[in-house]
Amino acid sequence: MTRVLFAVSGSDYWTLKDGTKHPCGFWPEELVVPHEIFRDAGFDIVAAAPGGVRPTADEAGFSAAVNGGSEEPGKRFRAYLEGISAELDSPVDLDAADAADYDAVFVPGGHGPMEDLARSEPFGALVAAFTAAGKPVAAVCHGPAAFLPARAATGEWLFAGRRVTGFSNEEEAAMGFADQAPWLLEDRLTDGGGAYERSGAAFEGHVVSDGNLHTGQNPASSAPLAERLVALLSAPAAPLGEG
């Protein structure tokens, strides 16, 4: 059975430029939608967080304001999370995870990863191990921040020169955080040497794949990114001597 490591931020806040701790966590849609798609595909999903702490959902992600003006999506996300509460109550310790035990790693977004995973050397080393084994590493929205600590033997960013996407500066500004953020994801991905790509319109779904690196730009990219991984991980292996 295909086994996916669901690497979720353990932070319930994001430190802004002025030192204020903004309450956040993972973005509900970006955990719920891929989790459901992977579950329906028959994958074994293992939730993990740094130190094995229980991940916190960003309450803003349940609001009608960010869900097309409707209360229904937020209610559905909350109900789904309650249904998998046993998984989230006792996640494995992400810092002790071994790439050999999984077929892929997936990182939901939200501002939480900007606080902890973006500076986690253990997770950077884990991403490098997945990459060395040719296994998919995937992240959506702010989730690609979790790949920033991954380093090549030369010391440069592991994904320098690769096509990549993530929450854009324009989208961060639209959410009201661009001026408050200590740094912006689009800038960091670009400064690290990534070939950053974005959708034609803000908040429009956009997925980019380059080698084993798979990234989605925003919440609307959650489903297409997860579906791409399902297709990739479900594809039959080439017979020996082919490919």
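Residues numbered from 1 in each chain as written. Predicted model: local features only at pLDDT ≥ 70, side-chain atom pairs only at ≥ 80, totals over all residues. Heavy atoms only, no water.

The protein is annotated in an unreviewed UniProt entry as Type 1 glutamine amidotransferase domain-containing protein from Streptomyces silvisoli.

1. As for the UniProt feature "domain: DJ-1/PfpI" (unreviewed entry) in the protein
Selection criterion: UniProt positions are given in the numbering used here, feature names are shortened, and annotations may be inferred rather than shown by experiment. Numbering of helices and strands runs from the N terminus; a helix is a DSSP stretch of H or I covering at least four residues, while a strand is a stretch of E covering at least two.
Feature annotation in UniProt places "domain: DJ-1/PfpI" (unreviewed entry) on residues 30-230, given in this structure's numbering. Within the segment residues 30-230, helix and strand shares are 33% and 14% respectively, and the terminal C-alpha atoms sit 16 Å apart.

2. Re the pattern of salt bridges
Quick reminder of the rule: A pair is scored as a salt bridge if a Lys or Arg side-chain nitrogen falls within 4 Å of a carboxyl oxygen belonging to Asp or Glu. The rule is simple: take the accessible area with a 1.4 Å probe, protein chains only, and divide by the maximum for that residue type; under 20% is buried, over 50% is exposed, in between is partly exposed.
Counted by the stated rule, this structure contains eight salt bridges. A salt bridge links Asp 44 to Arg 3; the shortest N-O distance between them is 3.2 Å. Separated by 41 residues along the polypeptide, Asp 44 in strand S4 (residues 44-49) and Arg 3 in strand S1 (residues 3-7) bring together distant segments of the chain. Overall, the relative accessible area of 29% leaves Asp 44 in the partly exposed class. Between Arg 78 and Glu 59 there is a salt bridge; the shortest N-O distance is 3.0 Å. With Arg 78 in helix H2 (residues 72-83) and Glu 59 in the loop between S4 and H2, this residue pair connects regions lying 19 residues apart in the sequence. On the basis of relative accessible area, Arg 78 is assigned to the partly exposed category, the value being 34%.

3. Some remarks on the packing of aromatic side chains
For clarity, the cut-off: Centres within 6.5 Å are what make two rings of Phe, Tyr or Trp a pair, Trp counting through its six-membered ring; a difference in plane orientation under 30 degrees is then read as stacked, over 60 as edge-to-face, and the rest as tilted.
The final tally for this structure, using the stated rule, is eight aromatic pairs. Relative to Phe 43, the ring of Phe 38 has its centre 5.8 Å away and its plane inclined at 25 degrees; by these criteria the two rings are stacked. Seen in terms of ring centroids, Phe 38 and Phe 106 are 5.6 Å apart; in terms of plane orientation they differ by 85 degrees. Their pairing is edge-to-face. Of this pair, Phe 38 sits in helix H1 (residues 28-40) while Phe 106 sits in strand S6 (residues 104-107), and the two are 68 residues apart along the sequence. Judged by its relative accessible area of 0%, Phe 38 is buried. You can call Phe 106 buried: its relative accessible area is 0%.

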